[in-house]
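Residue strings, one per chain:
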Amino acid sequence: MDRSREPFISLALYHAFKWSIVSPVLHAYFRVQINGAQNVPHTGPLVVVSNHASYFDPLIISNCVRRPVAYMAKEELFRVPVLAQAIKLYGAYPVSRGTADRAAIRSALECLNNGWAVGVFLEGTRTPDGRITDPKKGAALLAAKAKVPLLPVCLWGTENILQSSSAIPRAVPITVRIGNLIDAPSSTNKQELEALTQKCAAVINEMHDLAR
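Remember, it's a predicted structure, so these values are computed and weren't measured experimentally. (Residues numbered from 1 in each chain as written. Predicted model: local features only at pLDDT ≥ 70, side-chain atom pairs only at ≥ 80, totals over all residues. Heavy atoms only, no water.)

Trainee: Before we go on, may I ask you to explain a nonpolar patch on the surface in this structure?
Mentor: The grouping of Ile21, Val25, Tyr29 and Ile168 at the surface amounts to a nonpolar patch, some 350 Å² of accessible area in total. The partly exposed category is assigned to Tyr29, whose relative accessible area is 35%. (Patch = residues over 30% accessible without salt bridge, like charges linked within 9 Å, V, L, I, M, F, W, Y side chains within 5 Å. Areas by Shrake-Rupley, 256 points an atom, 1.4 Å probe, with all protein chains shown as cover. Salt bridge = Lys/Arg side-chain N within 4 Å of Asp/Glu carboxyl O. Buried < 20%, exposed > 50% of the residue type's maximum accessible area, 1.4 Å probe, protein only.)

Trainee: What's the story with the nonpolar core in this structure? I'm lost.
Mentor: Grouped burial of nonpolar side chains is what soluble globular proteins tend to show. Counting 29 residues, the largest nonpolar core has Val47, Val118, Leu122 and Leu150 as the members making the most contacts within it. For this core, the elements supplying multiple residues, two or more each, are strand 2 (46-50), helix 4 (102-113), strand 6 (117-121), helix 5 (138-146), strand 7 (150-156) and helix 6 (190-209). Once residues lying within four places of it in the same chain are set aside, the contact partners of Leu122 are Val49, Ser50, Ile132, Asp134, Pro135, Lys136, Ala139, Thr197, Cys200, Ala201 and Ile204. Counting residues in each nonpolar core, the second largest holds 23 residues, with Val65, Val69, Val176 and Ile178 among its members. (Core = buried A, V, L, I, M, F, W, Y, C linked by side-chain atoms within 4.5 Å. Helix = DSSP H or I, 4+ residues; strand = E, 2+ residues; numbered from the N terminus. Contact = heavy atoms within 4.5 Å.)

Trainee: Explain the sheet that holds strand 7 here, please?
Mentor: Sheet strands associate in pairs through backbone hydrogen bonding, adopting either a parallel or an antiparallel arrangement. On the basis of which strands lie adjacent, the open sheet formed by six strands has the order 1-8-7-2-6-3 and mixed pairing. The open sheet terminates on both sides in strands that have one partner only, identified here as strand 1 (33-35) and strand 3 (69-70). Where strand 1 lies against strand 8 (residues 175-178), three bridges are found, and the strand directions are parallel. Opposite Asn35, over in strand 8, you have Arg177 as the bridge partner. Across the face of the sheet, helix 2 (residues 57-64) comes into contact with strand 1, strand 2, strand 3, strand 6, strand 7 and strand 8 while running at roughly 120° to strand 7. Of the strands in this sheet, strand 2, strand 3 and strand 6 touch helix 4, which is tilted by about 140° from strand 6. (Pairing = 2+ DSSP bridges. Axes fitted to C-alpha atoms, helices over the stretch in contact; angles between N-to-C directions.)

Right, dumping it as C-alpha cells:
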C-alpha cells in the first residue's frame, strides 16, 4: 500500500463532495476567509488540532486544509445503511461517547499509519465562544505514538452558524487560520504531553483573538 496519501476512493469522494457542495456553500454563503493554507503538507500523516464550536467544523476544516481529515464519529452513525459506508469512505471512525474508547484510538493511529490527516478537537467538545479553556492531551498522545507533527487550526465565527431559535444555518462570516506545524512530542511522558497541549491551545487562542 502507498502510505504517502489517502486511498484513491476517499480522495475521489472528498473532491466530489467538496467542489459540488461544501466549497460553494462556504465561499458564497458564509464568505469564508482562509489564512495560512500554505502551512498544510499536501501528503503524509498529520494530526490537525483545532477549537470547536459548531457541528459544521469537521467539514469546514477538511475543506480549508485542502485534503481529507478523518474524524471520530459517534458509533450510532455506523449502524445507518448507506451513511455508514459514506462516512467510512470519507475517513470517519467510530467512538463510544463517554468512554475511554481504546478502539477509537487504535482507529486514529491506523488512519495516521495509512497517511491520513486525523482531526482532533482540543477541548473534546464544542465551546460556546470558540475559545479553548480546558484542552485535553489526546491529540498530543496521538502525535507522540505515531511520531507525526500537529497542525493548529483556528475556526472563528462558527459558533454563530446555528442559533437555538432557528434550525437554518445563518450566513455568518467565518475565518479559518492555519498555523505553523508543531513537532511531535519526543515521548509519551505526561509532563511533555501537557506542555505541548498547552502550547497548541495558546497558539489556537492567539489566532482566535485576531477575530475576522
